[in-house]
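Notes for the structure review
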Amino acid sequence: MEPDLHELLRSLRVWDTELPSFDPDAAPDEPLTLFTRWFAEAVAAGQSEPHTMSLATADADGLPDVRTVMLHGADADGWSFASHATSRKGRQLAARPYAALGFYWPVRGRQVRLRGPVTPAPPEESQADLHARSTGALAAALVGHQSHVLPSLEELARASDAAWERAGREPDAPAPTWTLYHLLPDEVEFFQGDARRRHVRLNYRRSETGWAKELLWP
């Protein structure tokens, strides 16, 4: 018997654990410090894959797209992720270099949302980022053809085996289309869930003089 989707949905509960409090008046003046703190707390709380995030882009016609990617870092240059420039998201970012990111850490009842312009890093920085990662990451990058039509799983297996062999033999092998991207946010929102639905939402907006902070209705 096929499962009933609506019954499954009604059976689920959100935040079945004690949630932390969040005092926005004590928040730092800029968002990166708070993001780093929340990220560390999510890791300490045992959140699975806290470094994964949703990346939303739009194509040349303005049609939206979203997928899950991995955070590669966050600093003064912005929040970083990587992909092939020839992939769907790479092509979309070339056409419309603006995106949004979303983190969700249910173990803490928290979300962080960002949006802003996206800039590709120089090739040498992109390759350095790739080669600082695992052999598997390099092998995946060497396979290439991301988002293009795949004729068969057998062809993927052949290309993957060859890429793994090369990655093990040549750990500095270049993947020319692999690109590190930096999203420099115009806005960063921190969402702290509350069991009584009195969610606390603190939004940072970039201004000419720094960051402005404002509360949002849940």
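Look up a bit, the structure's there.
Residues numbered from 1 in each chain as written. Predicted model: local features only at pLDDT ≥ 70, side-chain atom pairs only at ≥ 80, totals over all residues. Heavy atoms only, no water.

So, helix H2 (residues 31–44)
Along its 14 residues, H2 runs 20 Å from first to last C-alpha, staying within 8% of the 20 Å computed at 1.5 Å per residue. Along H2, the residues that are buried comprise Pro 31, Leu 34, Phe 35, Trp 38 and Ala 42. Each buried residue of H2 sits inside an arc of 100 degrees when the element is viewed along its axis, so together they form one side. For H2, the secondary structure elements touched by its buried residues are strand S4 (78–84), strand S5 (98–105), strand S6 (110–120), strand S8 (187–192), strand S9 (200–207) and strand S10 (210–216). Where H2 begins, the capping side chain belongs to Glu 30, and its oxygen is found 2.9 Å from the backbone nitrogen of Leu 32. Looking one or two places after H2, you find Gly 46, whose phi comes out positive at around 85 degrees. (Helix = DSSP H or I, 4+ residues; strand = E, 2+ residues; numbered from the N terminus. Expected span 1.5 Å × (residues − 1). Buried < 20%, exposed > 50% of the residue type's maximum accessible area, 1.4 Å probe, protein only. Arc of directions from axis to C-beta. Contact = heavy atoms within 4.5 Å. Polar contact = N/O pair within 3.5 Å; in protein donor to acceptor, adjacent residues only side chain to side chain.)

Examining the pairing of S6
Pairing analysis gives eight bridges linking S5 to S6, with the strands arranged antiparallel. Across the sheet, Leu 101 pairs through a bridge with Leu 114, a residue of S6. Remark: four residues form the turn of the hairpin made by S5 and S6, two consecutive strands paired antiparallel; Gly 109 in that turn has positive phi of roughly 65 degrees. Examined bridge by bridge, S6 and S8 share six bridges and lie antiparallel to one another. Within S8, the position partnered with Arg 115 by the bridge is Glu 187. Sheet analysis places S6 next to strand S7 (residues 178–183), joined by three bridges and oriented antiparallel. (Pairing = 2+ DSSP bridges.)

Overview of the packing of aromatic side chains
Scanning the entire structure with this criterion turns up 12 aromatic pairs. Seen in terms of ring centroids, Trp 38 and Phe 190 are 5.2 Å apart; in terms of plane orientation they differ by 85 degrees. Their pairing is edge-to-face. Placement of the pair is Trp 38 in helix H2 and Phe 190 in strand S8, with a sequence separation of 152 residues. Phe 190 carries the same exposure label as Trp 38, and that label is buried. Aromatic ring contacts, followed pair by pair, group Phe 22, Trp 38, Phe 190, Tyr 204 and Trp 211 into a single cluster. When the ring centre of Trp 38 is taken as origin, the NZ or CZ atom of Arg 110, which lies over that ring, is 4.1 Å away. (Phe/Tyr/Trp six-rings, centres within 6.5 Å; stacked < 30°, edge-to-face > 60°. Lys NZ or Arg CZ within 6 Å of the ring centre and 35° of its normal.)

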